[in-house]
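Spelled out, the chains give:
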Amino acid sequence: MIKKCLFPAAGYGTRFLPATKATPKEMLPVLTKPLIQYGVEEALDAGMDTMAIVTGRGKRAIEDHFDISYELEHQIKGTSKEHYLTEIRDVITKCTFSYTRQIEMKGLGHAILSGQTLIGNEPFAVVLADDLCHAPKGVLSQMLDLYEKYQCSIVAIEEVPKEETNKYGVIAGKEIEKDIFMISDMVEKPDPKDAPSNLAIIGRYILTPDIFDIIKTTKPGKGGEIQITDALLTQAKKGMVLAYKFDGERFDCGSIDGFVKATNYFYELEKEKN
Ligand code: UTP
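Read on for a plain summary of the structure. Values in this document were obtained by computation on a predicted structure and should not be read as measured data.

### A look at the overall build of the protein
Right, on to step 1. Of the regular secondary structure elements, the protein holds 10 helices and 13 strands.
Right, on to step 2. For a compact globule of 274 residues, the expected C-alpha radius of gyration is about 19 Å, and the protein comes in at 18 Å, within 12% of that figure.
Right, on to step 3. The principal-axis extent of the C-alpha atoms belonging to the protein is close to 60 × 40 × 40 Å.
Right, on to step 4. The contacts in the protein between residues at least 6 apart in sequence include a share of 76% that link residues at least 24 apart.
Right, on to step 5. For the protein, the exposed area adds up to about 13,600 Å²; of that, 51% sits on carbon and sulfur atoms.

Given below as structure tokens:
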């Protein structure tokens, strides 16, 4: 039903400098796979086949990754190393990729608006590839089940320690079903003392297309950026936006601490497989 997934990937990734000087943050690998490939695989698992990527200057490696490298294919064909390419070949065969550039980094809301040209007038998913998720049933698949029932925008949330609310968008709302909240308030990166709860938004969204017009009229908020949190609050006040406490693990791979945790976690998973 929802076929398109948007990946805002234009940010500078300053917390990973100098690694991100010439390499997109989304291409940093956890074990052998770049972060963005994990995100694309999660979307594919949820039945989406159209990947729309918002890039910026210095991000061409993303386009090359989701393309055939004839030279490499030629070198590796028929050798014992061919299996290393199995997963990426599978992704390339099953999805289409389209790209647009966010010309100025004016925030996540602005990056999502830049993707309108690729999405059009239909509901879509958003994945922030630096939030790496692992769950028996993918987080996007869980959210799509919910979308089928409620047909409104949905954000994934997680409980965080109260002292960390200033890193996230934080919601307030009424729990209408187990783990499902109807949002009444949302604040971007609140000080712990002002946070309406400890329920933090993570990088998975299902958005209805009216969000684009709302973003267009959303004024710059925290940090002078156009915040998706502010646009979603407007949408929640006009109608309904849900927050879903997903089942699974999430690693903030935009931070060094989260990246190291993810690497160790996926390494242990791999060891168990072998
Ligand atoms: P972050 O703030 O985590 O990413 O944005 P960043 O700015 O690249 O990282 P640091 O803080 O400098 O280390 C969350 C997501 O939103 C995208 C980023 O690429 C990332 O996936 N984003 C953010 C954009 O695409 N455009 C923007 O203007 C801002």
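### Looking at the packing of helix H1 (residues 35-45) against helix H4 (residues 86-94)
Right, on to step 1. Where H1 contacts H4, the two axes come as close as 11 Å, and the packing angle between them is 55 degrees. Classified by the angle their axes make, H1 and H4 are oblique. At the point where H1 passes H4, the crossing takes the left-handed sense. From H1, Gln 37, Val 40, Glu 41 and Leu 44 reach across to H4, where they touch Glu 87, Ile 88, Val 91 and Lys 94.
Right, on to step 2. A class-by-class count of the residues in the contact of H1 with H4 yields four nonpolar, one polar and three charged.

### Quick notes on the layout of surface pockets
Right, on to step 1. Put simply, the largest pocket is a space of about 1,300 Å³.
Right, on to step 2. Arg 15, Lys 25, Leu 128, Asp 130 and Lys 189 are the residues nearest the centre of the largest pocket, which is lined by 46 residues in total.
Right, on to step 3. Contributing elements (two or more residues each) for the lining of the largest pocket: helix H5 (108-114), strand S8 (153-159), strand S11 (199-207), helix H9 (228-238), strand S13 (249-252) and helix H10 (256-273).
Right, on to step 4. Counted by class, the lining of the largest pocket contains 18 nonpolar, 12 polar and 16 charged residues.
Right, on to step 5. In this model, the second largest pocket occupies a volume close to 950 Å³.
Right, on to step 6. For the second largest pocket, the lining is made up of 31 residues, of which Lys 33, Tyr 38, Glu 41, Glu 87 and Lys 273 are closest to its centre.
Right, on to step 7. Those elements that place two or more of their residues in the lining of the second largest pocket are strand S3 (33-34), H1, H4, strand S7 (131-134) and H10.

### Some words on the site of the ligand
Right, on to step 1. Taken together, 18 residues lie near the ligand, and Gly 11, Gly 13, Thr 14, Arg 15 and Gln 102 sit nearest.
Right, on to step 2. In the complex, 81% of the free accessible area of the ligand, which totals 570 Å², lies under the protein chains.
Right, on to step 3. One can see that the ligand is located within the largest pocket.

### With respect to the pairing of strand S9 (residues 169-177)
A regular strand places its side chains so that they alternate between the two faces of the sheet.
Right, on to step 1. Across eight bridges, S9 lies against strand S10 (residues 180-188) in antiparallel orientation. Within S10, the position partnered with Gly 169 by the bridge is Glu 188.
Right, on to step 2. Counted between consecutive antiparallel strands, the loop separating S9 from S10 contains two residues, among which Asp 179 sits at a positive phi close to 70 degrees.

### Observations regarding H10
Right, on to step 1. Here H10 spans 26 Å end to end across 18 residues, near enough to the 26 Å set by a 1.5 Å rise per residue.
Right, on to step 2. Considered for burial, the residues of H10 that qualify are Gly 258, Phe 259, Ala 262 and Phe 266. Axial view of H10: buried residues confined to an arc of 95 degrees, hence all on one face. In H10, the exposed residues that point more than 90 degrees away from the buried face are Ile 256, Asp 257 and Glu 272.

### Let's talk about the packing of aromatic side chains
Right, on to step 1. Scanning the entire structure with this criterion turns up seven aromatic pairs.
Right, on to step 2. An aromatic cluster is built from Tyr 38, Phe 251, Tyr 265 and Phe 266, whose rings are joined through pairwise contacts.
Right, on to step 3. Sitting over the face of the ring of Tyr 38, Lys 33 holds its NZ or CZ atom 4.8 Å from the ring centroid.

### Here's the deal with the environment of Ala 46
Right, on to step 1. Structurally, the position occupied by Ala 46 is in the loop between H1 and strand S4 (50-55).
Right, on to step 2. A residue is classified by how much of its surface remains accessible, and Ala 46, at 15% relative accessible area, is buried.
Right, on to step 3. Excluding residues that lie within four positions of it along the chain, Ala 46 makes contacts with Leu 140, Ser 141 and Leu 144.

### Let's talk about the side chain of Ser 197
Right, on to step 1. Tracing the chain through its elements places Ser 197 in the loop between S10 and S11.
Right, on to step 2. When its relative accessible area of 14% is taken as the criterion, Ser 197 is described as buried.
Right, on to step 3. Here Ile 171 takes part through its backbone oxygen, which lies 2.5 Å from a polar atom of the side chain of Ser 197.
Right, on to step 4. A polar contact of 2.9 Å, which involves the side chain of Ser 197, links it to the backbone nitrogen of Leu 199.
Right, on to step 5. Once residues within four sequence positions are removed from consideration, Ser 197 is found in contact with Lys 162, Thr 165, Val 170 and Ile 171.

Cut-off values and rules
Residues numbered from 1 in each chain as written. Predicted model: local features only at pLDDT ≥ 70, side-chain atom pairs only at ≥ 80, totals over all residues. Heavy atoms only, no water. Helix = DSSP H or I, 4+ residues; strand = E, 2+ residues; numbered from the N terminus. Rg over C-alpha atoms; globule rule 2.2 N^0.38 Å. Contact = heavy atoms within 4.5 Å. Areas by Shrake-Rupley, 256 points an atom, 1.4 Å probe, with all protein chains shown as cover. Axes fitted to C-alpha atoms, helices over the stretch in contact; angles between N-to-C directions. Parallel < 35°, antiparallel > 145°, perpendicular 65-115°, else oblique. Left-handed = near helix turned anticlockwise from the far one by under 90°. Nonpolar A, V, L, I, M, F, W, Y, C, P; charged D, E, K, R; others polar. 1 Å grid on protein atoms, 1.4 Å probe; cavity = no way out; pocket = protein on both sides within 12 Å on 5 of 7 lines; lining within 4 Å. Points joined across faces, edges and corners; volume = space filled by probe spheres on them. Near = heavy atom within 4 Å. Sits in = over half its atoms within 2 Å of the grid points. Pairing = 2+ DSSP bridges. Expected span 1.5 Å × (residues − 1). Buried < 20%, exposed > 50% of the residue type's maximum accessible area, 1.4 Å probe, protein only. Arc of directions from axis to C-beta. Phe/Tyr/Trp six-rings, centres within 6.5 Å; stacked < 30°, edge-to-face > 60°. Lys NZ or Arg CZ within 6 Å of the ring centre and 35° of its normal. Polar contact = N/O pair within 3.5 Å; in protein donor to acceptor, adjacent residues only side chain to side chain.

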